[in-house]
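# A closer look at the structure
Next come the chains, spelled out residue by residue.
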Amino acid sequence: MYFRAGRLDVAPVVHPLRLYLEAGIGLPEALRRLAGRVPSRLQPMISGLARDTSAGFSLKDALDAWKDRLPPEVPALLAAGEASGRLPEILERLELHFHQEKEAARRLTGALAWPIVQALLAMGILGLVLIVQGLTGTAGRVPGFGLSSLLPFGVLIGLAVAVAVGWRRLPGVAHGRVALARARLGGTLGVAFDSGLSPGKALELAVEAADHPSWAGRLAEAKRQLRAGKSLRVVLADWPDLASEFLVAVDHGETTGQLPETLSRQAVVDREDGQNL
């Protein structure tokens, strides 16, 4: 998913930092004020950024030491926002983007958890029945539920193992994961284009955020085609798992000159699709 293990979740910083900047407080002072008000895991980073920007370093340079701990698109988007003078606006877009990603992940987890809980409860009840029958000497009196006939219990265990190993390939789950990957691709592209990044860099960050192996394998050729002047619609036309609605949204955005807005709206549609397992 978007927030991977080992990476810092900077979502708690984005909103208050935007408010400070919109109030006219300079970036170094805003970061200094935030340092003691963010979760403890983020305090070393925010304190370091406050120190470095106070010393005259740009936000881009100050973030270099933390790139390995952050989602790859975050330093690039913040640096682009700083360079363009639109940092508060980019922070606002990131805030919405993070919120939508977390909400999508929460709903997907909830949708997957309940069937698994039901299977575990069924296994527990059946196991309890077998134990009681064994202790009371009634095993074998109920067909299919005695200690001499463990077929139902074995079937449930087999199903549980199959789900645990191959849950990603279940039809509804696979569809949901692809739709959410599309949402991350489109959402990150929208923010990246809005911050003024080049098409190649924007696509690179979006593919990293989407975490879709097939798209990652096509990235180098796509960047080459973009440098050669091809449109994003043409470059993405034969990518797997990009629904026709997504490609239509790209075409519409490029035609109207509203690509960031169109991609952001399409990301909302894809997130809703991904949550309807």
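Anyway, here's the lowdown on the structure attached to this text. (Residues numbered from 1 in each chain as written. Predicted model: local features only at pLDDT ≥ 70, side-chain atom pairs only at ≥ 80, totals over all residues. Heavy atoms only, no water.)

Counting its secondary structure elements, the protein chain contains 14 helices and 0 strands. Ordered by position in the sequence, the α and β elements of the protein chain form the string α-α-α-α-α-α-α-α-α-α-α-α-α-α. In the protein chain, buried positions account for 40% of the 277 residues. Of the contacts formed within the protein chain by residues at least 6 apart in sequence, a portion of 61% connects residues at least 24 apart. Total accessible area on the protein chain stands at roughly 14,100 Å², and carbon and sulfur atoms take up 60% of it. (Helix = DSSP H or I, 4+ residues; strand = E, 2+ residues; numbered from the N terminus. Buried < 20%, exposed > 50% of the residue type's maximum accessible area, 1.4 Å probe, protein only. Contact = heavy atoms within 4.5 Å. Areas by Shrake-Rupley, 256 points an atom, 1.4 Å probe, with all protein chains shown as cover.)

Here the focus is helix H3 (residues 43-54). For H3, spanning 12 residues, the distance from its first C-alpha to its last is 16 Å, which sits close to the expected 16 Å at 1.5 Å a residue. Next to the buried residues of H3 lie helix H1 (11-22), helix H2 (27-35) and helix H4 (59-63). Where H3 ends, the next residue or the one after it, Gly56, has phi of about 105°, a positive value. (Expected span 1.5 Å × (residues − 1).)

This model, assessed by the stated rule, comprises 17 salt bridges. Arg86 is the partner of Asp194 in a salt bridge, and the nearest nitrogen-oxygen pair spans 3.2 Å. Of this pair, Asp194 sits in helix H8 (residues 171-194) while Arg86 sits in the loop between helix H5 (73-84) and helix H6 (87-136), and the two are 108 residues apart along the sequence. Classification of Arg86 as partly exposed rests on a relative accessible area of 25%. Across the pair Asp251 and Arg233 runs a salt bridge, and its minimum N-O distance is 3.5 Å. Within this pair, whereas Asp251 is found in helix H13 (residues 244-256), its partner Arg233 is found in helix H12 (residues 232-236), the two being separated by 18 residues in sequence. (Salt bridge = Lys/Arg side-chain N within 4 Å of Asp/Glu carboxyl O.)

Here we come to the environment of Asp68. Note on placement: Asp68 falls in the loop between H4 and H5. For Asp68 and Arg7, which are 61 residues apart along the polypeptide, the C-alpha to C-alpha distance reads 7.6 Å.

For Asp211, which is not glycine, the phi torsion reads 55° and is therefore positive. By the element assignment, Asp211 lies in the loop between helix H9 (199-210) and helix H10 (213-217). Overall, the relative accessible area of 42% leaves Asp211 in the partly exposed class. Although it is not a glycine, Asp241 sits at a positive phi angle of roughly 65°. The partly exposed category is assigned to Asp241, whose relative accessible area is 37%.

Look at H2 against H3: their axes get within 8 Å of each other, and the N-to-C directions meet at 155°. Classed by the angle they form, the pair H2 and H3 counts as roughly antiparallel. Considering how the two elements wind past one another, H2 and H3 form a crossing that is left-handed. Touching Leu27, Pro28, Leu31, Arg32, Leu34 and Ala35 of H2 are Gln43, Ile46, Ser47, Leu49, Ala50, Thr53 and Ser54, all from H3. Among the residues making up the contact of H2 with H3, the classes are represented as 8 nonpolar, 4 polar and 1 charged. (Axes fitted to C-alpha atoms, helices over the stretch in contact; angles between N-to-C directions. Parallel < 35°, antiparallel > 145°, perpendicular 65-115°, else oblique. Left-handed = near helix turned anticlockwise from the far one by under 90°. Nonpolar A, V, L, I, M, F, W, Y, C, P; charged D, E, K, R; others polar.)

This brings us to the side chain of Ser195. Looking at where Ser195 falls in the secondary structure, it is placed in the loop between H8 and H9. Reaching out from Ser195, the side chain makes a polar contact with the backbone oxygen of Ala192 at a distance of 2.7 Å. In this structure Ser195 touches Leu77, Ala80, Ser84, Arg86 and Ile90, once residues within four positions along its chain are discounted. (Polar contact = N/O pair within 3.5 Å; in protein donor to acceptor, adjacent residues only side chain to side chain.)

Within the largest apolar cluster, 61 residues are counted, with the highest numbers of intra-cluster contacts made by Leu17, Met45, Ile46, Leu185, Leu189 and Leu203. Non-local contacts of Leu185, meaning those with residues more than four positions away in its chain, are made with Leu203, Ala206, Val207, Ala210, Trp215, Leu242 and Phe246. (Core = buried A, V, L, I, M, F, W, Y, C linked by side-chain atoms within 4.5 Å.)

Nothing here speaks to function; it is geometry throughout.
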